[in-house]
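Now for the letters of each chain:
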Amino acid sequence: MKTTNEMELLFDSRSENEGFARVAVSAFLTQMNPTLEEVEDVRTAVSEAVTNAIIHGYEGKEGKIRILSRICDGVFYIEIKDDGVGIPDVAKAMEPLFTTKPDLERSGLGFVFMQSFMDEVEVESKSGEGTLVKMKKHIGKGQEIWTTQSL
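The text that follows walks through the structure, step by step, so that each part is easy to find. These figures come from a predicted structure and were not determined experimentally.

## Things to note about the overall build of the chain
Item 1. Scanning the chain from terminus to terminus reveals five helices and five strands.
Item 2. In sequence order, the secondary structure elements of the chain are arranged as β-α-α-β-β-α-α-β-β-α.
Item 3. When burial is assessed residue by residue, the chain has 42% of its 151 residues classed as buried.
Item 4. Counting only contacts in the chain whose residues sit at least 6 apart along the sequence, the fraction spanning at least 24 positions is 65%.
Item 5. For the chain, the computed accessible surface area is about 8,600 Å², with 52% contributed by carbon and sulfur atoms.

## With respect to helix α2 (residues 36-57)
Item 1. With 22 residues, α2 extends 30 Å from end C-alpha to end C-alpha; this agrees with the ideal 32 Å at 1.5 Å per step.
Item 2. Once α2 ends, the next one or two residues include Glu-59, with phi positive near 50 degrees.

## Some remarks on the pairing of strand β3 (residues 75-82)
Item 1. Where strand β2 (residues 64-72) and β3 come together, eight bridges link them in antiparallel fashion. Within the sheet, the bridge partner assigned to Ile-65 lies in β3 and is Asp-82.
Item 2. Between the end of β2 and the start of β3, which pair antiparallel, lie two residues, with Asp-73 showing a positive phi angle near 50 degrees.
Item 3. Pairing geometry for β3 and strand β5 (residues 130-138), over eight bridges, is antiparallel. Bridging across to β5, Glu-79 finds its partner in Lys-134.

## Observations regarding the sheet that holds β5
Item 1. Read across the sheet, five strands follow the order β1-β2-β3-β5-β4 without closing on themselves; strand pairing throughout is antiparallel. Whereas interior strands pair on both sides, the edge strands pair on one side only; in this sheet they are β1 (4-12) and β4 (120-126). On average, adjacent strands in this sheet sit at an angle of 10 degrees to one another, irrespective of strand direction.
Item 2. When β1 meets β2, the two strands line up antiparallel, connected through nine bridges. The partner of Phe-11 across the bridge, within β2, is Ile-65.
Item 3. Running over the sheet, helix α1 (residues 17-29) touches β1, β2 and β3 and is turned about 170 degrees from β1.

## Some details on the environment of Ala-45
Item 1. Tracing the backbone shows Ala-45 in helix α2.
Item 2. Relative accessible area serves as the criterion here: at 0%, Ala-45 is assigned to the buried category.
Item 3. Considering only alpha carbons, one finds Ala-45 and Ser-116, 71 residues apart in sequence, at a separation of 8.8 Å.
Item 4. Not counting chain neighbours up to four residues away, the residues in contact with Ala-45 comprise Met-114, Met-118 and Met-135.

## Re α1
Item 1. Between its first and last C-alpha, α1 extends 18 Å over 13 residues, near the 18 Å set by a 1.5 Å rise per residue.
Item 2. Within the sequence span of α1, burial applies to Asn-17, Glu-18, Ala-21, Ala-24, Val-25, Ser-26, Phe-28 and Leu-29.
Item 3. Of the surrounding elements, those touching the buried residues of α1 are β1, α2, β2 and β3.

## Quick notes on the pattern of salt bridges
Item 1. Enumeration according to the criterion identifies ten salt bridges in this entry.
Item 2. Here Arg-43 and Glu-40 are joined by a salt bridge, their closest N and O atoms 3.4 Å apart. Placement of the pair is Arg-43 and Glu-40 together in helix α2, with a separation of three residues, close to one helical turn.
Item 3. Residue class for Glu-40 comes out partly exposed when judged on its relative accessible area of 42%.
Item 4. With its nearest N and O atoms 3.2 Å apart, the salt bridge here joins Glu-124 to Lys-134. One end of the pair, Glu-124, is in strand β4; the other, Lys-134, is in strand β5, with ten residues separating them in the sequence.
Item 5. With relative accessibility at 34%, the residue Glu-124 sits in the partly exposed group.
Item 6. Each of Arg-14, Glu-16 and Glu-62 takes part in salt bridges that share partners, so that together they form one network.

Thresholds applied
- Residues numbered from 1 in each chain as written.
- Predicted model: local features only at pLDDT ≥ 70, side-chain atom pairs only at ≥ 80, totals over all residues.
- Heavy atoms only, no water.
- Helix = DSSP H or I, 4+ residues; strand = E, 2+ residues; numbered from the N terminus.
- Buried < 20%, exposed > 50% of the residue type's maximum accessible area, 1.4 Å probe, protein only.
- Contact = heavy atoms within 4.5 Å.
- Areas by Shrake-Rupley, 256 points an atom, 1.4 Å probe, with all protein chains shown as cover.
- Expected span 1.5 Å × (residues − 1).
- Pairing = 2+ DSSP bridges.
- Axes fitted to C-alpha atoms, helices over the stretch in contact; angles between N-to-C directions.
- Salt bridge = Lys/Arg side-chain N within 4 Å of Asp/Glu carboxyl O.

In structure tokens, the structure reads:
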């Protein structure tokens, strides 16, 4: 039987809650005894996904962001969902440097960062219904590498 543990957060789509989301997810992740690099990878990916939900999903309007984190057999899963405007073309939105908000000095690298820091990233979205970002990261790879190198 698989060992799992879950945590769910629901918070307002305010920019000041982006830091809260990062810290809460990091605190939950610590039970897996991650390396500092693994914690920073997850924090960065969460930050990007939550910021996207606030800026692009709700476009400055109030809404809710839901985070579901799950730990299962050495793998950290996280889902970040908004009920905002959705993404009309997910493939286009995931292209490096693509942004719908150049006037806000958005770099268009949010999904690129998520993909580079997590093992898997999947995005589901429907116009007018919101976006769900699913990410996965194996925790402990850094510790395994360090252990074999130090032998």
